[in-house]
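# Geometric and topological summary
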Amino acid sequence: MSWFLFILLAVLTLGGALGVVVTRNVVHAALALLVSLAAVAGVYLILFTEFLALVQVLIYGGAIIIVLLFAIMLTRTAEYPRISDNRQWPLAAVAALGLLGVLIPSFWIRRVEDTEPQSPVFTELANSLFTRWAIPFEVASLVLLVALIGAILIARTRRDER
Amino acid sequence: MLSAGLFAIGLYGVLARRSAVLIVMSIELMLNAVNINLIAAASHLNGTGKFVHFDGQIIAIFVITVAAAEVGLALAIILRMHRNRSTVNVDEIDLMRW
């Protein structure tokens, strides 16, 4: 049952990802990305990491897709209908396949014996996050703040250049 | 396996696409591949002593945080680019080319 679910979700994920990279329409690409990300949330669920699945749906499925769609709408130009890949795409395909050819055998060779998937309860996760990982947590919040301010600064229009 | 496939597709997307927005999407795909790997490791190697507790999950949370920040900044830059040059095609953004 679990294997069947995993295969299904894997097919959805990879199909969505392929859709992102091959489709000609940018909005379709964003929707394919949404499918892929939702399937990844499903993968998290069968790994019993409910919290991460929740975060994935909220942040990726909600926030990031919305922001991407906003960007697509705001930068809509006449060139979107005929958007295309650039001239180096055969090279890119070779590089991607080469990376795949390295990664899959390395996963195969360095297999470790695994246990049944298990996950800590939320309280344990929170305890660890706010004790052992407290400093990285604060740094992450600082990174978010700086990114927000930087995004506003970059994207806003000054009065004199309108 | 899934992670490797997703990462490879993301890499292809970064290298082959013309639109900057699509490149950002491909970067998201690669980050997700890494996250799947981290969480699978955290979930499957819990009792074997090779992986401390569930650190993989926490690192994945940080990856998601940084990804959100990165998308915000990237889209701000793309908007700026679009306003100044009225294109989002990375082949035409050659202002900083040597």
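Residues numbered from 1 in each chain as written. Chains lettered and ligands numbered in written order. Predicted model: local features only at pLDDT ≥ 70, side-chain atom pairs only at ≥ 80, totals over all residues.

## Side note on the overall build of chain A
The criterion, for reference: The secondary structure listing takes helices from DSSP runs of H or I that are at least 4 residues long and strands from runs of E that are at least 2 residues long, numbered from the N terminus. Any residue surrounded by 20 or more other C-beta atoms within 10 Å of its C-beta is treated as buried, while 12 or fewer makes it exposed and the intermediate range makes it partly exposed; C-beta atoms here are placed from the backbone. A pair of residues counts as a contact when their C-beta atoms, built from backbone coordinates, are within 7 Å of each other.
A count of helices and strands for chain A gives six helices and zero strands. For chain A, the sequential pattern of α-helices and β-strands runs α-α-α-α-α-α. The proportion of buried residues among the 162 residues of chain A is 22%. Within chain A, residue pairs in contact and separated by at least 24 positions form 51% of the contacts whose partners lie at least 6 positions apart.

## What to know about the overall build of chain B
Helices and strands together make up the secondary structure of chain B, namely three helices and zero strands. Secondary structure elements of chain B, listed N to C terminal, follow the sequence α-α-α. Across the 98 residues that make up chain B, the buried fraction comes to 56%. In chain B, 41% of the contacts between residues at least 6 apart in sequence involve partners at least 24 apart.

## Observations regarding the environment of leucine 125 of chain A
You can see leucine 125 of chain A is positioned in helix H5 (residues 122-131). Separated by 93 residues in the primary sequence, leucine 125 of chain A and alanine 32 of chain A place their C-alpha atoms 32 Å from one another.

## Focus on the nonpolar core
The line we're drawing: By definition, a nonpolar core groups buried Ala, Val, Leu, Ile, Met, Phe, Trp, Tyr and Cys residues that are joined through C-beta atoms within 7 Å.
In this structure, Val20, Ala29, Ala30, Leu33 and Tyr44 of chain A together with Met25 and Ile39 of chain B are the most contacted members of the largest nonpolar core, which totals 52 residues. Those elements giving two or more residues to this core turn out to be helix H1 (2-22), helix H2 (26-46), helix H3 (50-74) and helix H6 (134-155) of chain A together with helix H2 (20-44) and helix H3 (55-85) of chain B. Here this core takes 13 residues from H2 of chain B, the largest share from any one element. Ignoring sequence-local partners within four residues, the contact set of alanine 29 of chain A consists of Gly19, Val20 and Thr23 of chain A together with Leu22 and Met25 of chain B.

## Points about H6 of chain A
Under the convention used in this document: Residue count minus one, scaled by 1.5 Å, sets the expected span of a helix.
With 22 residues, H6 of chain A extends 32 Å between its outermost C-alpha atoms, agreeing within 8% with the 32 Å of an ideal straight helix rising 1.5 Å per residue. With two of its 22 residues buried, H6 of chain A lies for the most part at the surface.

## Examining the packing of H2 of chain A against H3 of chain A
Residue and element names in this part refer to chain A. Definition in use: Angles run from 0 to 180 degrees between N-to-C directions of axes, and those axes are lines fitted to C-alpha atoms, restricted for helices to the stretch in contact. Throughout, the term roughly parallel applies to angles under 35 degrees, roughly antiparallel to angles over 145, roughly perpendicular to angles from 65 to 115, and oblique to all others. Amino acids outside the nonpolar list (Ala, Val, Leu, Ile, Met, Phe, Trp, Tyr, Cys, Pro) and the charged list (Asp, Glu, Lys, Arg) are all regarded as polar, and Gly is one of them.
H3 packs onto H2 with a crossing angle of 175° between their chain directions and a minimal axis gap of 8 Å. Classified by the angle their axes make, H2 and H3 are roughly antiparallel. Where H2 approaches H3, its residues Val26, Val27, Ala30, Leu33, Leu34, Leu37, Ala38, Val40, Ala41, Tyr44 and Leu45 are matched on the opposing element by Glu50, Leu52, Ala53, Gln56, Val57, Tyr60, Gly61, Ile65, Leu68, Leu69 and Ile72. Counted by class, the contact of H2 with H3 contains 19 nonpolar, two polar and one charged residues.

## Some points on the confidence of the model for chain B
Residues and elements named next belong to chain B. Definition in use: On a range of 0 to 100, pLDDT expresses the predictor's confidence in each residue.
Per-residue pLDDT for chain B has a mean of 68; in total, 52% of the residues score no lower than 70. Model confidence for chain B, summarised as mean pLDDT per element, is weakest for helix H1 (residues 2-16) at 51 and strongest for H3 at 80. As a predicted assembly, this complex carries a pTM of 0.75 together with an ipTM value of 0.75.

## What to know about the environment of isoleucine 59 of chain A
Turning to its location among the elements, isoleucine 59 of chain A is positioned in helix H3. Residue classification places isoleucine 59 of chain A among the partly exposed positions, given that 18 C-beta atoms sit within 10 Å. Ignoring sequence-local partners within four residues, the contact set of isoleucine 59 of chain A consists of Ile64 of chain A together with Ile64 and Ala68 of chain B.

## Considering the confidence of the model for chain A
The share of residues in chain A with pLDDT of 70 or more is 76%, and the mean pLDDT across the chain is 75. Mean pLDDT in chain A bottoms out at helix H4 (residues 89-109) of chain A, which sits at 71, and peaks at H6 of chain A, which reaches 85.

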